[in-house]
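Descriptive analysis of the structure
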Amino acid sequence: QVQLVESGGGSVQAGGSLRLSCVASGFIFSKNAMGWFRQAPGKQREFVASILSGFTTNYANSVKGRFSISRDNAKNTVYLQMNSLKPEDTAVYYCRYYGQDYWGKGTLVTVSS
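Here is a short report on the structure shown in this document. (Residues numbered from 1 in each chain as written. Predicted model: local features only at pLDDT ≥ 70, side-chain atom pairs only at ≥ 80, totals over all residues. Heavy atoms only, no water.)

Quick word on the sheet that holds strand S3 (residues 18–25)
Reading across the sheet, the four strands line up as S1-S3-S8-S7 and stay open at both edges, with antiparallel pairing between neighbours. The strands lining the two open edges of the sheet, one partner per strand, are strand S1 (3–7) and strand S7 (67–72). In this sheet, neighbouring strand axes are inclined to one another by 15° on average, regardless of whether the strands run parallel or antiparallel. Two strands pair when backbone bridges link them, and S1 and S3 are joined in this way by five bridges, in the antiparallel orientation. The partner of Val5 across the bridge, within S3, is Val23. (Pairing = 2+ DSSP bridges. Helix = DSSP H or I, 4+ residues; strand = E, 2+ residues; numbered from the N terminus. Axes fitted to C-alpha atoms, helices over the stretch in contact; angles between N-to-C directions.)

Overview of the environment of Ala74
Tracing the backbone shows Ala74 in the loop between S7 and strand S8 (77–82). C-alpha of Ala74 to C-alpha of Ser30: the two residues are 44 residues apart in sequence and 8.3 Å apart in space.

A word on the state of the cysteines
Across all of its chains, the model carries one disulfide by this definition. Residue Cys22 pairs covalently with Cys95 via a disulfide, S to S 2.2 Å. Taking the torsion about the S-S bond as the criterion, the Cys22 to Cys95 disulfide, at about -80°, is left-handed. In this pair, Cys22 sits in strand S3 while Cys95 sits in strand S9 (residues 91–97), placing the two residues 73 residues apart along the sequence. As far as burial versus exposure is concerned, Cys22 and Cys95 are alike and both buried. (Disulfide = S-S within 2.5 Å. Buried < 20%, exposed > 50% of the residue type's maximum accessible area, 1.4 Å probe, protein only.)

Side note on the environment of Ile69
Counting through the fold element by element, Ile69 comes out in strand S7. Note: C-alpha distance between Ile69 and Glu88 (19 residues apart in sequence) is 19 Å. When neighbours within four sequence positions are excluded, Ile69 is seen to be in contact with Met34, Gly35, Trp36, Ala49, Ser50, Ile51, Thr57, Tyr59, Val78, Tyr79 and Leu80. (Contact = heavy atoms within 4.5 Å.)

So, in structure tokens, the structure goes:
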């Protein structure tokens, strides 16, 4: 069955960096688009970044220039490199497999000022 396991969240001060990972299984990873979303306390889940099977990427305006999504098809893993973090980036970050609209359980990122 499909599994998405996120890791790499944690607490960091503003201006710091974190790299999130999402290991996927149960489907042909290399042929599918993947994405990262986030949900802050009291807010709706929102799009952060996506990467197609052909490595085309897309970003929310709020993270452009600070976050970078990448994938390693040999490891069935999608990454989110987050730099210059801000307190407003605090959220639970979710990995998404677009093919079957499947979500991971999320990893918490907390950015303090």
